Amino acid sequence: MCSPTLSTCTIYFARDRLMRLDRKDLWIIFLFLSLIIIFFGQILFTQATYVFRDFYKTIYPTRYFVSQCVKEGCFPLWNPYLYFGYPFFASLQHGLLNPFSFFLYLFPFDIGIKLFIVWHLFLAGLFMYLLMRDFGVSQISSLIASLVYTFNSYMLSIDTFTHLTSACWTPLIFLLFNRSFYTKEKLKYIILTSISLSLQFVGEEPTILYATVIVLTLFTIAKAVMQYRKEGRIIYPSKSILILSLVVLISVGLVLFQLLPFLEAVNYSYRQEGMVYHKATKWSLPPIELLTLICPVSSGFMEFIWVGLGQGLFKGIYFGIVPFFLILVSLCEKSRKNLFWFGIFLVGIILSFGDHTPFYKFLYKYFPFFSMHRYPMKFFCMSIFAGSILAGFGFDYLLRTIREKRIKSFILLFISNLFLIFILLIWYFNLGKILWLLKINYFVINSLEKLLEIEGKYFMVYKNFFLVTTIFSLFNLLAFLTRRCRVKLNFFTTVSLIIITFDLFFFGLNLNPLVNQKLYHYQPPILKILKKDTDYFRFMIEPKTLSYYCEELGRGEQTLLEVIKTLQLSLTPNLGLMHKIYEVDGYGFLILEDYIKFYVRLGYGKFIVDPQLSKLTNVKYIISKFEIPYPYLKLVYKEEKYGEEFRLYENMSYLPRAFFVPKTRVVKDRQEILNILTSRDFDPQKEVILEEEIPNSKSKISNLKSQIRIIDYQPNKVTINTSCYNDGFLFLSDTYYPGWKAYIDGKPTKIYRANFLFRAIVLPQGSHHVKFVYIPLSFKIELLGTLITIISLLGFLIFRKRKK
C-alpha cells in the first residue's frame, strides 16, 4: 500500500495490476471539472435555464412538485393533481430517490435543478475517466474518452434529461463489474456493482438500464469465452456467469422498494402487454442520420437548427470528428477488447434503427420486456458508451504508433482525411443540385419563407462540414509532424486535446435553448383566476385545443419564446402541478389503461367534452382556443395574444369532488358502463355504477339531503366529514387503484370501483369521519425486501470479516 499523500496516491484501486491515481490524475480531474464549469457557465452563474420540450412540459414541473412535497415533509406516493390521480412513486421518472436530488431539497429550486444536471454530467465524465484508467489507458487518452462521453450531442440533449441521470452510472458499473473478475475481494466489488446498478435504476430511465444489462450480459459471455480459451474447458457454473447472476440478484433486492410498485403500475397501464409496435418504434434512428456522425446539424454557439432528416428525440449523435475516426484507429490494434467494444458500438446503432430494420421487430415480439420500451433511439447510449471507450483506445494506440514510428494508423487517418476533402469538394461544386434533390425527396415546401428557411439551414450544415473537415485536417497535420519529429509528443497531445474540446464545445453549446428562469414563475391571467377559486375542482383543456398545442403550435413563424408563453397562457398539461391545481390531463410516463379508455370517452378527438362526463369528473373550468356555444358553459375570460386566442369557460353543471349517492347499479360489462355514463338518462347524483354486488345493500332514494365536506386533501390522504339522512354511498372522483384504504370513524371499509374509473364506499346513515389513505401493500413488501437484502449483506460481510 502507498501512503495517502497527494504526492503518492489519494485513490487506491486494489487489483492485481496495481493502478493508482497520482497527482497528475487529480490535476486532470480538476481540469475536467473546470471544463464542465466553463461549458455550463451561463447556466451556473446567470438566471438562464433550460426550456426546450420535455424539460418545460414535465421535468421542471415534476421536480418542482417533488421538491415542494419533500420540503413540506410529505413522501408523494400518489399525485392527485394529474389524471384524476395516479401512482406517482411507481412511475419512476420523478427522481424522488435519486441520491443527488438533495440539490433540489437543499437549494432554491431554480439553482438546485441546474446543479443537479451539471453534477450528473460531471459524474459521467469522472466515471469514464476512472474506467479508462482502470483499463490501463494513459491519462490523456482517458481524458479524451471522458470528454467524448460527456459532451456528445446525445448526452447534452437536456430536454430528455432522464437518459442522462441513468447513463452517467454506466462507466462506474463496468469499472466495478470488471474488477470483480480479477481482484481477490470479489464480493466487495459484486456488492458495489449491484449498488451502482441500483442507482442507475432509480436514475429514472428503464431503457438505459435495459441496455446496460444487455452489455453486461455480452461482457460476461466474452469473459466466459476468454476463460474457455485460457483453460480449455468451461467450468460449470462459469465464474463470470455466477458473478453476473449475483450482481443482478442483489440489485433486484436493493431496488425492490421501487421495482414492485413500478411493475404493479405497468400491469395497470397501457404498457401491460407491451406497446403498439408503431408507437414503440417512434423516433427510430433513420440510417441517413448516421451522416451526422461526421457532419453535425448544429450551427455554432447558441443557435440550434434542425434539417428534418432524422429522429426528433435527441439533438443528434455527433461526438466529435476526431473521436469518430479514433474509433477506426482503435481497430488497427489487434485486440479482442477493441473488437468487443466495436461490436457493442454497432449493436447500439442497429437497435437505434428501430423499425428501419426487421431485426427490431423480431426482438419486439420474442425478447423479454423488449416490447415495453418506447423510442429505439435511446439504445444509442450503447454506441456512445462504447464509442467513447474506443476513442480513448484509439488515441492511446496512436500515441504508441508515433513513438514506435509505425505507419498503419497514419495511412487510415490520411485516407479518411482525403475522403472528407473529396466529399467537401463534390458538395461545393454541386451545392444547387444537392439542395434540389433534398427539396424533392425530404421537404414539404408550402411557402417562400419555408423555402428560404430550408436553404439557410442547408448552407449552414455545409459550413459545419467545412469546419469539421478543417478540424480533422489540422489534427492529421499535427500527427504527421509529430511522427516526423518536427513537433514534440507533449505538444501534440496538448493541442489534440484542445482541438477535440473546441470541436465538442462548438457543436454542443448551442444544443439547448435557454430562457430566464423567471419565465417558469410567471402566472398568466387564467392561472390567477383558477387560484382564486378555493373550491376543490379540476380544469381541462378542450381536446381539439390540446391537440393543436401539442402538434401544430410552433410550426409557424413563432419563436421558441412565443411558443412557451403561448403554452403558459393556455396552462398546458403539467403546469398546474407547480401551483397544485388539479387537471384532468397530464404529460407523464406511465398512464393507467382505464384512464385512457375513460379519457377517450370524455372527449378526446371531439370538438367538445361530453357534458355528462365533465359534470361527473369535477371539471369546473375548460380552457379553449375556440368558441364553445354550449349553454352549460359560461365564458369567464378571453384574451388574444401572440396570434392566439385564449378562452376560459366555467362549467355551470359540474359536481363536487366528493358527494353522496343514495342508489347503486351493478354492471359487469365495462364497455356498457361507459355507454351508461354518457347517456342522458344517467344521473350521477342519484346512482353510482359498480362492478360487483354489495352484500346486504338495501339503499333507496328516500332523502337526498346530505353534507359532504373535504377537510384535508393531501397526495397520500383524503379526509372527509359526512352527514346523511339515510344509507347510501360516498362517491369520490379520484382514480380507483390498489393500495388505497378507506376508514369510517377509524374502522376499515371496502373501496369499490365506481363509474368505471373512480372510488365509492358504502356510507351509513348519520355523521361520520371518512379517511382515504394510500399505503400500497407492494410498497410495504418491497421496503421489507430491501431491508432484508441490506441486513443480509451487512450480516454476511460482518461474519466474513470476523471469520478472517
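In the block above lies the structure referred to throughout.
Everything quoted here is computed from the prediction, not taken from an experiment.

Caption draft 1: Region of interest: the overall build of the protein chain. Helices and strands together make up the secondary structure of the protein chain, namely 28 helices and 20 strands. Considering the protein chain as a whole, with its 804 residues, one finds that 58% of them fall into the buried category. Contacts in the protein chain between residues at least 24 apart in sequence constitute 76% of all its contacts with a sequence separation of at least 6. A total accessible area of about 34,900 Å² is found for the protein chain, and carbon and sulfur atoms account for 63% of it.

Caption draft 2: Structural view of the sheet that holds strand E6 (residues 582-583). Spatial ordering of the open sheet is given by E6-E5-E7-E9-E8, a layout of 5 strands whose pairing is mixed. In this open sheet, the two strands that pair with only one neighbour each are E6 and strand E8 (633-641).

Caption draft 3: Representation of the pairing of strand E11 (residues 663-666) in the model. Sheet topology places E11 next to strand E12 (residues 687-690); 4 bridges connect them, and they run parallel. Paired with Arg-665 across the bridge in E12 is Ile-689. Regarding the hand of the β-α-β motif, the stretch spanning E11, helix H27 (residues 670-677) and E12 is right-handed.

Caption draft 4: Quick look at the packing of helix H1 (residues 23-39) against helix H5 (residues 109-134). The N-to-C vectors of H1 and H5 enclose an angle of 150 degrees; their axes lie 10 Å apart at closest approach. With respect to H5, the element H1 is oriented roughly antiparallel. Relative to H5, the crossing made by H1 is right-handed. The residues of H5 that touch H1, namely those facing Asp-25, Ile-28, Ile-29, Phe-32, Leu-33 and Ile-36, are Val-118, Leu-121, Phe-122, Gly-125, Leu-126, Tyr-129 and Arg-133.

Caption draft 5: Representation of the nonpolar core in the model. Formed by 265 residues in total, the largest nonpolar core has its most connected members in Phe-55, Phe-151, Ile-321, Trp-341, Phe-598 and Phe-772. At 16 residues, H5 tops the list of elements feeding residues into this core.

Caption draft 6: Inspection of the packing of helix H14 (residues 321-330) against helix H21 (residues 489-506) at higher detail. Here H14 crosses H21 at 120 degrees, and the two axes come no closer than 8 Å. Relative to H21, the element H14 is oriented oblique. Of H21, the residues touching H14 (which contributes Ile-321, Val-322 and Pro-323) are Ile-499, Ile-500 and Asp-503. For the contact of H14 with H21, the per-class residue count stands at 5 nonpolar, no polar and 1 charged.

Caption draft 7: How the structure looks around the packing of aromatic side chains. All chains considered together, the criterion is met by 82 aromatic pairs. Note that Arg-657 overlies the ring of Tyr-713, its terminal NZ or CZ placed 5.1 Å from the centroid. The ring of Phe-756 carries the charged tip of Arg-670 above its face, separated from the ring centre by 4.1 Å.

Caption draft 8: Spatial organisation of the pattern of salt bridges. The final tally for this structure, using the stated rule, is 17 salt bridges. Taking the shortest distance from any N to any O, the salt bridge between Asp-25 and Arg-133 comes out at 3.0 Å. Placement of the pair is Asp-25 in helix H1 and Arg-133 in helix H5, with a sequence separation of 108 residues. On the accessibility criterion, Asp-25 (0% relative accessible area) is buried. Note on Arg-133: relative accessible area 9%, which makes it buried. Beyond isolated ion pairs, a larger network of salt bridges with shared partners links Asp-594, Arg-670, Glu-691 and Arg-753.

Caption draft 9: View of the sheet that holds strand E17 (residues 747-749). Across the sheet, 5 strands lie side by side as E13-E14-E20-E16-E17; this open sheet has antiparallel pairing. The open sheet terminates on both sides in strands that have one partner only, identified here as strand E13 (706-714) and E17. The average undirected angle you get between the axes of adjacent strands in this sheet is 25 degrees. Strand direction decides the pairing type here: strand E14 (residues 717-724) and strand E20 (residues 766-774), joined by 8 bridges, are antiparallel. The residue of E20 that forms the bridge with Cys-724 is Gly-766.

Caption draft 10: How the structure looks around helix H9 (residues 186-201). Taking 1.5 Å of rise per residue, the 16 residues of H9 would be expected to cover 22 Å, and the 23 Å separating its terminal C-alpha atoms lies within 8% of that figure. Every buried residue belonging to H9 is among Leu-187, Tyr-189, Ile-190, Ile-191, Thr-193, Ser-194, Ser-196, Leu-197, Ser-198, Gln-200 and Phe-201, and all of these are buried.

Caption draft 11: Region of interest: H5. In a regular helix each residue adds 1.5 Å, so 26 residues correspond to 38 Å; H5 covers 37 Å between its end C-alpha atoms and thus fits that length. Of the residues one or two after H5, Gly-136 is the one with positive phi, at around 90 degrees.

Caption draft 12: Structural detail: the pairing of strand E16 (residues 740-744). Side-chain alternation along E16 places Trp-740, Ala-742 and Ile-744 on a buried face and Lys-741 and Tyr-743 on a face that remains uncovered. With 5 bridges connecting them, E16 and E20 associate as antiparallel partners. Within the sheet, the bridge partner assigned to Lys-741 lies in E20 and is Val-773. Relative to E17, E16 runs antiparallel, the two sharing 3 bridges. In the strand pairing of E17, Tyr-743 is matched with Pro-748. The turn joining E16 and E17, which pair antiparallel and follow one another in sequence, is formed by 2 residues; a positive phi near 55 degrees is taken by Asp-745.

Caption draft 13: Representation of the side chain of His-163. Its place among the elements puts His-163 in helix H7 (residues 162-167). Beyond its immediate stretch of four places on either side in the chain, His-163 contacts Tyr-154, Met-155, Ser-157, Glu-205, Ile-208 and Phe-314.

Caption draft 14: Spatial organisation of the side chain of Asn-651. Along the chain, Asn-651 falls in strand E9 (residues 644-651). The class for Asn-651 is buried, based on a relative accessible area of 1%. Sequence-distant contacts of Asn-651, that is, excluding residues within four places in its chain, are made with Ser-614, Lys-615, Val-619, Lys-620, Tyr-632 and Leu-633.

Caption draft 15: A look at unusual backbone geometry. The backbone of Phe-84 sits at a positive phi, close to 65 degrees, despite the residue not being glycine. The backbone of Leu-571 sits at a positive phi, close to 55 degrees, despite the residue not being glycine. Of note, Leu-571 is situated in the loop between helix H24 (560-569) and E6. A relative accessible area of 2% means that Leu-571 is categorised as buried.

Basis of the calculations
Residues numbered from 1 in each chain as written. Predicted model: local features only at pLDDT ≥ 70, side-chain atom pairs only at ≥ 80, totals over all residues. Heavy atoms only, no water. Helix = DSSP H or I, 4+ residues; strand = E, 2+ residues; numbered from the N terminus. Buried < 20%, exposed > 50% of the residue type's maximum accessible area, 1.4 Å probe, protein only. Contact = heavy atoms within 4.5 Å. Areas by Shrake-Rupley, 256 points an atom, 1.4 Å probe, with all protein chains shown as cover. Pairing = 2+ DSSP bridges. Right-handed = clockwise from strand over helix to strand, strands pointing away. Axes fitted to C-alpha atoms, helices over the stretch in contact; angles between N-to-C directions. Parallel < 35°, antiparallel > 145°, perpendicular 65-115°, else oblique. Left-handed = near helix turned anticlockwise from the far one by under 90°. Core = buried A, V, L, I, M, F, W, Y, C linked by side-chain atoms within 4.5 Å. Nonpolar A, V, L, I, M, F, W, Y, C, P; charged D, E, K, R; others polar. Phe/Tyr/Trp six-rings, centres within 6.5 Å; stacked < 30°, edge-to-face > 60°. Lys NZ or Arg CZ within 6 Å of the ring centre and 35° of its normal. Salt bridge = Lys/Arg side-chain N within 4 Å of Asp/Glu carboxyl O. Expected span 1.5 Å × (residues − 1).

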